[in-house]
Structures are given as C-alpha cells and as structure tokens.
Amino acid sequence: MFFIAVYTSMITVSSLCSILFFSGSNSPFPATWTITHYLPSAILIPFGLWVIYDGIKYETIFGRIILPGVGTAIAAVGAALVVFPAANEYIQGPFWLLSKIFFFLFFYVWARGTLPRFRYDQLMNIGWKLLLPVSIANVIVTAGFVLFRSNR
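Residues numbered from 1 in each chain as written. Predicted model: local features only at pLDDT ≥ 70, side-chain atom pairs only at ≥ 80, totals over all residues. Heavy atoms only, no water.

### Side note on the overall build of the chain
Applied cut-off: Each helix is a run of DSSP H or I of at least 4 residues and each strand a run of E of at least 2, with the numbering of both proceeding from the N terminus. Within these notes, the globule rule equals 2.2 Å times the number of residues to the 0.38 power, and the radius of gyration is based on C-alpha atoms. A simple rule labels every residue: compare its accessible area, found with a 1.4 Å probe on the protein chains alone, to the largest value its type can have, and call it buried under 20%, exposed over 50%, or partly exposed in between. Contacts are assigned to residue pairs that have any heavy atoms within 4.5 Å of one another. In these tables, accessible area is a Shrake-Rupley quantity obtained with a 1.4 Å probe, and a residue counts as shielded only by the protein chains included in the view.
Summing up its helical and strand segments, the chain has five helices and zero strands in all. Listing every helix and strand of the chain by position from the N terminus yields α-α-α-α-α. Here the C-alpha atoms of the chain give a radius of gyration of 25 Å, more than 25% beyond the 15 Å that 2.2 N^0.38 yields for 152 residues. Within the chain, buried positions represent 20% of all 152 residues. Long-range contacts, defined here as pairs at least 24 residues apart, represent 75% of the contacts in the chain between residues at least 6 apart. Of the roughly 11,800 Å² that the chain leaves accessible, carbon and sulfur atoms contribute 77%.

If you want it as structure tokens, here you go:
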C-alpha cells in the first residue's frame, strides 16, 4: 500500500507540474515546425511494430497471440493519424500532455534510482545535529537584522 501511495503521488505531481509549469497540452515546439505535428505517428508506428516483433518471440502462447494484436492496433492508430488529419489534430493535446507527464515520471524514477538514499537514523542525525542548529542560527540572524533595521 505504501508504494501505491508513492506512485500515485508521483503521477499527481508529474501531472500538476506538466499542467501548471510546462503549458499542459500545448506543444513545446513552435507551430511553424510542421514535422512535430506528425510526431505521434512517428512514435506510434515504430512502437507498434516493436510490440509485434516482441510478441512473436514471446515465451507463452498467450503472449504470442495478444502482443501482436496489441502491436497491430497501436501501429494502425499511428497510420490512421497520418491518413486522417482531423484525428491527428485531435490527438495533439493528449499526446503532448502525456509525453510531458511520462518525462517527469522518467525523471522521478531516474533520480530515485541514482541518488543515494539515507537510512532513517542518518536522516534524524542530519536533522538534529545540522539542520536544527542552522535553523536556530537563521532565526537569530533574521531577528538581529529586523532589530537593526527597526532602530534606523
């Protein structure tokens, strides 16, 4: 249950960061770059073909049937976006929003996997022996600064 809460909060923070700070469903590229308009198709078609290829050499018969079907559906959606310009216009917003969310999720997982993690006793040691004296010194310096400014 703890990891469900952690991953739910990761998805929520990634969504909010994408919407509030990175323009949500708008493309990060200028509108004059028409090549980025076809980026969903350029990603979906090779991804669908890759799923088909992976499904053909899968271990179980269930995977050999299901994965090529899913890959065919993904590649067909990518091809339909090329053929039908109205569908391509419709998919732009959700594509850019989801791509930004996935980027932030990738960054979360990458940071959690590469940065060292502290044990609980190490965190408590840092909190009591380092952060508490620094915060008390900050209060004293700020109070002195306010007192000095008020006497002028």
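### A word on helix 2 (residues 39-56)
Filter applied, for reference: Here the expected length of a helix is defined as 1.5 Å per residue gap, with one fewer gap than residues. In this context, the arc is that of the directions from the helix axis out to the C-beta atoms.
The end-to-end C-alpha distance of helix 2 is 26 Å, a good match for the 26 Å that 18 residues give at a rise of 1.5 Å each. Those residues of helix 2 that fall on the buried side of the exposure criterion are Pro 40, Ser 41, Gly 48, Val 51, Ile 52 and Gly 55. Angular distribution of buried residues about the axis of helix 2 spans 100°; they occupy a single face of the element. In this structure, the buried residues of helix 2 make contact with helix 3 (61-83) and helix 4 (85-114).

### Considering a nonpolar patch on the surface
Applicable threshold: Within the patch definition used here, like charges are joined within 9 Å and nonpolar side chains (Val, Leu, Ile, Met, Phe, Trp, Tyr) within 5 Å, considering only residues with over 30% relative accessible area and no salt bridge. Here a salt bridge means any side-chain nitrogen of Lys or Arg lying within 4 Å of a carboxyl oxygen belonging to Asp or Glu.
A contiguous nonpolar patch, built from Phe 118, Leu 123, Ile 126, Leu 130, Leu 131 and Val 134 and spanning about 560 Å² of accessible area, is present on the exposed surface. You can see Leu 130 is positioned in helix 5 (residues 120-150). Residue classification places Leu 130 among the partly exposed positions, given a relative accessible area of 48%.

### Here's the deal with the layout of surface pockets
Our working definition: Residues are called lining when one of their atoms sits within 4 Å of a cavity or pocket point, these points coming from a 1 Å grid over the protein atoms alone, where a cavity is a set in which a 1.4 Å probe fits but cannot get out and a pocket is an open set with protein on both sides within 12 Å along at least five of seven lines. Grid points are joined across faces, edges and corners, and a volume is the space filled by probe spheres set on the points. Note on residue classes: Ala, Val, Leu, Ile, Met, Phe, Trp, Tyr, Cys and Pro are nonpolar, Asp, Glu, Lys and Arg are charged, and everything else, Gly too, is polar.
Volume-wise, the largest pocket comes out at about 230 Å³. Pro 40, Ile 43, Leu 44, Val 77, Leu 81, Ile 91, Pro 94, Phe 95, Leu 98, Ser 99 and Phe 102 are the residues that line the largest pocket. Per-element accounting of the lining of the largest pocket gives the leading share, six residues, to helix 4. Taken together, the residues that form the lining of the largest pocket break down as 10 nonpolar, one polar and no charged.

### Here we look at unusual backbone geometry
Even without glycine at this site, Ser 23 takes up a positive phi of about 60°. Mapping Ser 23 onto the fold places it in the loop between helix 1 (2-21) and helix 2. Here Ser 23 falls in the partly exposed class, since its relative accessible area comes to 39%.

Nothing here speaks to function; it is geometry throughout.
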